[in-house]
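Tertiary structure, described
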Amino acid sequence: MAEHLTRASELLTMHEVELLQRSLLEWSGPARCSDQLAFGIGFADARDLADQCVRLRDALGEDVPLAAVDWARALLASEIAFVSDLAGSGVEWSTTTGRADESTIRTLRSIQRKLARTVSPYYGKRPSQ
């Protein structure tokens, strides 16, 4: 059976999509990822994470349907980019993105709620195919 694919416009507001895109962009800049962390997020290694974040940002912007595994990877990578000071942007988030922590966490919580059903197969698991 083929996996169900879902467009961003079916799940999220444009503001929420923009936050995911900006979060994924952090992996091309201030966020620092080891191969081990990238693997845990569901990518092959840090290079694959960087490459796939470009693909995911583009897909979100073009409203291309994504598989649940891609939604899980995008969400987890975004959560880490925002919160982690060791691997992500952390305390520099507002400086690097121009987005306040308070509004970011509210939007991120909304995204988490809206994606809950889509990403639920990956709760407690590595998002991989």
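For the structure given in this document, a descriptive report is provided here. (Residues numbered from 1 in each chain as written. Predicted model: local features only at pLDDT ≥ 70, side-chain atom pairs only at ≥ 80, totals over all residues. Heavy atoms only, no water.)

1. Looking at the environment of leucine 12
- Structurally, the position occupied by leucine 12 is in the loop between helix H1 (8–11) and helix H2 (14–25).
- In this structure, leucine 12 is in contact with Val17, Leu20, Trp71, Ile111, Lys114 and Leu115, ignoring residues within four places of it in sequence. (Helix = DSSP H or I, 4+ residues; strand = E, 2+ residues; numbered from the N terminus. Contact = heavy atoms within 4.5 Å.)

2. Comments concerning the pattern of salt bridges
- Applying the stated rule across the entire model yields five salt bridges.
- In this structure, the salt-bridge partner of lysine 114 is glutamate 16, at a minimum N-O distance of 2.9 Å. Here the residue lysine 114 occupies a position in helix H7 (residues 101–119), and glutamate 16 occupies one in helix H2, the gap between them amounting to 98 residues.
- Overall, the relative accessible area of 34% leaves lysine 114 in the partly exposed class.
- Across the pair glutamate 26 and arginine 22 runs a salt bridge whose closest N-O atoms are separated by 2.6 Å. Accessibility classification places glutamate 26 together with arginine 22 in one group, the buried group.
- Residues participating in the shared-partner salt-bridge network are Arg55, Asp70 and Arg73. (Salt bridge = Lys/Arg side-chain N within 4 Å of Asp/Glu carboxyl O. Buried < 20%, exposed > 50% of the residue type's maximum accessible area, 1.4 Å probe, protein only.)

3. Some remarks on the layout of surface pockets
- Size it by volume and the largest pocket reaches roughly 160 Å³.
- Looking at the largest pocket, the residues that line it are Ala72, Leu75, Leu76, Glu79, Gln112, Val119, Tyr122, Tyr123, Gly124 and Pro127.
- Among the elements of the structure, helix H5 (68–83) and H7 are those that each provide at least two residues to the lining of the largest pocket.
- Here the lining of the largest pocket gets four residues from one element, more than from any other, and that element is H5.
- In terms of residue class, the lining of the largest pocket is built from seven nonpolar, two polar and one charged. (1 Å grid on protein atoms, 1.4 Å probe; cavity = no way out; pocket = protein on both sides within 12 Å on 5 of 7 lines; lining within 4 Å. Points joined across faces, edges and corners; volume = space filled by probe spheres on them. Nonpolar A, V, L, I, M, F, W, Y, C, P; charged D, E, K, R; others polar.)

4. Notes on unusual backbone geometry
- Phi is positive for aspartate 63, close to 60 degrees, though the residue is something other than glycine.
- When you line up the elements, aspartate 63 lands in the loop between helix H4 (46–62) and strand E2 (66–67).

5. What to know about the nonpolar core
- If you look at the biggest cluster of nonpolar residues, it comprises 36 residues, and the most contacted ones within it are Trp27, Leu49, Leu60 and Trp71.
- Those elements giving two or more residues to this core turn out to be H2, helix H3 (35–41), H4, E2, H5 and H7.
- With residues up to four places along the chain from it excluded, the contact list for leucine 60 reads Ala8, Val17, Leu20, Gln21, Leu24, Leu66 and Trp71. (Core = buried A, V, L, I, M, F, W, Y, C linked by side-chain atoms within 4.5 Å.)

6. Notes on H7
- Of all the bends in H7, the largest measures some 35 degrees and sits at arginine 113.
- Buried within H7 are the following residues: Thr104, Thr107, Leu108, Ile111, Gln112, Leu115, Thr118 and Val119.
- Those residues of H7 that are buried are in contact with H1, H2, H5 and helix H6 (93–97). (Bend = angle between axes of the 7 residues up to and from the residue.)

7. Quick notes on the packing of H2 against H7
- H7 packs onto H2 with a crossing angle of 105 degrees between their chain directions and a minimal axis gap of 10 Å. On the basis of their axis angle, the class for H2 and H7 is roughly perpendicular. Contact residues: H2 offers His15, Glu16, Leu19 and Leu20, while H7 offers Thr104, Thr107, Leu108, Ser110, Ile111 and Lys114. (Axes fitted to C-alpha atoms, helices over the stretch in contact; angles between N-to-C directions. Parallel < 35°, antiparallel > 145°, perpendicular 65-115°, else oblique.)

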